[in-house]
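Secondary and tertiary structure notes
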Amino acid sequence: MPTTKAQKAVMLEEIKEKMSQSQVTILADFRGISVAKITDLRSRLRKAGSEMKVAKNTIARIAAKEIGVEGLDRYLEGPTVFTFGIQDPVAPAKILSEFAKEVKQGVDIKAGILEGKVIDANGVKALADLPSREVLLAKVLGGMQAPLYGFASVLAANLRNLVYVLDQVRQQKEGQAS
């Protein structure tokens with residue numbers, strides 16, 4: 001934890017930068033969790049393009065105010081860990097929810113900031129229940145491809161019918177020629 005004024009200023013700038021660049025910031029309380037489990041959680045978050053930081057509530061309060069986030073003060077009580085989701089807003093919420101289920105006790109998701117708006121713990125849970133970015137993109141792509149496949153099938157059916165008609169005409173002409 002920063003102790004000098006210069007260290008606090010550096011931490012403030014870092015937290016401000018992370019909050020403003022992140023698609024989601026999740027606030028949680030981790031009490032009684034072993035260092036090994038926290039290290040495992042940090043590793044999972046890093047793989048998903050997210051980062052976890054511990055900061056003083058006062059610094060976080062100032063950072064939130066400076067970037068224009070209102071309503072965060074009531075969640076900044078007691079020990080707070082900040083998880084920043086830079087690439088995907090759903091991934092860190094999913095990872096934290098899964099981690100909370102694994103350890104069963106000691107993890108309390110307090111709130112989150114989603115694209116500049118404060119959401120409560122239920123909002124973070126709802127975010128965790130969403131499909132991942134890749135799944136959503138696959139569904140959108142599938143929805144876009146379906147009409148194209150249908151159009152291709154219609155065109156192929158017309159060509160197939162034309163071939164059948166031409167084959168019938170050929171057979172009739174062969175029958176008349178003999």
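Model, not experiment: these values are computed from the prediction.

The next subject is the overall build of the protein chain. A tally of regular secondary structure across the protein chain gives six helices and five strands. Each helix and strand of the protein chain, placed in order from N terminus to C terminus, yields the pattern α-β-α-β-α-β-α-β-β-α-α. In terms of principal-axis extent, the alpha carbons of the protein chain reach across some 105 × 35 × 25 Å. Relative to its 178 residues, the protein chain shows a buried fraction of 33%. Considering only residue pairs separated by 6 or more positions, the protein chain has 80% of its internal contacts joining residues 24 or more positions apart. Looking at the protein chain as shown, the accessible area adds up to about 11,200 Å², and 57% of this sits on carbon and sulfur atoms. Taking the 26 positively charged and 20 negatively charged side chains of the protein chain as two groups, their mean positions are separated by 2 Å.

Once that is clear, we can look at the nonpolar core. One broad trend across soluble globular proteins is that nonpolar side chains are buried collectively. Formed by 22 residues in total, the largest nonpolar core has its most connected members in Ile26, Phe30, Ile33, Leu41, Met52 and Phe99. Every element with two or more residues in this core is listed here: strand 1 (24-30), helix 2 (35-47), helix 4 (90-103), strand 4 (107-114) and helix 5 (121-129). For this core, the leading source of residues is helix 4, giving six residues. Ignoring any residue separated from it by four or fewer positions in sequence, one finds methionine 52 in contact with Phe30, Ile38, Leu41, Arg42, Leu45, Val81, Phe82 and Thr83. Core analysis: the second largest hydrophobic core is formed by 18 residues, Leu12, Ala63, Leu72 and Phe84 among them.

Attention shifts here to the domain arrangement of the protein chain. Annotation of the protein chain at the domain level lists domain 1 (5-130) and domain 2 (131-177). Placing the centre of domain 1 and that of domain 2 at their C-alpha centroids yields a distance of 51 Å.

The subject of this paragraph is the pairing of strand 1. With respect to burial, strand 1 is a largely interior element, seven of its seven residues being buried. Of the two faces of strand 1, both are covered, the one formed by Val24, Ile26, Ala28 and Phe30 as well as the one formed by Thr25, Leu27 and Asp29. Both strand 1 and strand 4 contribute to a ladder of seven bridges, which runs antiparallel. When the sheet's bridge partners are listed, isoleucine 26 is paired in strand 4 with glycine 112.

Angle between the axes and distance between the axes are the two parameters that describe a pair of packed helices. Between helix 1 (residues 5-21) and helix 3 (residues 57-66), the shortest axis-to-axis distance is 9 Å and the interhelical angle comes to 50°. The pairing of helix 1 with helix 3 is recorded here as oblique in orientation. The chirality of how helix 1 crosses helix 3 is right-handed. Seen from helix 1, the contacting residues are Lys8, Met11, Leu12, Ile15, Lys16 and Met19; seen from helix 3, they are Ile59, Ala60, Ile62, Ala63, Ala64 and Glu66. The residue inventory of the contact of helix 1 with helix 3, partitioned by class, reads nine nonpolar, no polar and three charged.

In this section: the pattern of salt bridges. Applying the stated criterion across every chain, the model contains 12 salt bridges. One salt bridge connects lysine 16 with glutamate 13, and the closest N-O pair in it is separated by 3.2 Å. One end of the pair, lysine 16, and the other, glutamate 13, are both in helix 1, three residues apart, so they sit about a helical turn from each other. We classify lysine 16 as buried; its relative accessible area is 18%. When its relative accessible area of 43% is taken as the criterion, glutamate 13 is described as partly exposed. Two residues, aspartate 129 and lysine 125, come together in a salt bridge whose shortest N-O distance is 3.4 Å. Of this pair, aspartate 129 and lysine 125 both sit in helix 5, four residues apart, which is roughly one turn of the helix.

Rules behind the numbers
All residue numbers here refer to positions counted from 1 along the written sequence of the relevant chain. With the structure being a predicted model, the display of local features is reserved for residues of pLDDT at least 70 and the display and counting of side-chain atom pairs for 80 or more, all residues being used for whole-chain, interface and lining totals. Working from all heavy atoms in the structure, the side-chain values ignore hydrogens and water. Working definition: helices are DSSP H or I runs of at least four residues, strands are E runs of at least two. Numbering for both runs from the N terminus. The classification of residues rests on relative accessible area computed with a 1.4 Å probe and restricted to protein chains. Under 20% of the type maximum is buried, over 50% is exposed, and intermediate values are partly exposed. We call two residues contacting when some pair of their heavy atoms lies within 4.5 Å. Reported accessibility uses the Shrake-Rupley method at a 1.4 Å probe radius. Residues are deemed covered only where the shown protein chains occlude them. Charged-residue counts in this description rest on Lys and Arg as positive and Asp and Glu as negative, His and the chain ends being excluded. Charge coordinates come from a single atom per side chain, which is NZ of Lys, CZ of Arg, CG of Asp or CD of Glu. To qualify as a nonpolar core, a set must consist of buried Ala, Val, Leu, Ile, Met, Phe, Trp, Tyr and Cys residues joined through side-chain atoms within 4.5 Å. Throughout, the edges of the domains are those of an automatic or database domain assignment. Two strands form a pair only when DSSP identifies at least two bridges running between them. The axes used here are C-alpha line fits, helices contributing only the stretch in contact, and every angle between their N-to-C directions lies in the interval 0 to 180 degrees. We call two directions roughly parallel when the angle between them is under 35 degrees, roughly antiparallel when it is over 145, roughly perpendicular when it lies between 65 and 115, and oblique otherwise. Take the far helix as the reference: if the near one is turned anticlockwise from it by less than a right angle, the crossing is left-handed, and if turned clockwise, right-handed. We call Asp, Glu, Lys and Arg charged. Ala, Val, Leu, Ile, Met, Phe, Trp, Tyr, Cys and Pro are nonpolar, and the rest, Gly among them, are polar. One speaks of a salt bridge when a side-chain nitrogen belonging to Lys or Arg is within 4 Å of a carboxyl oxygen belonging to Asp or Glu.

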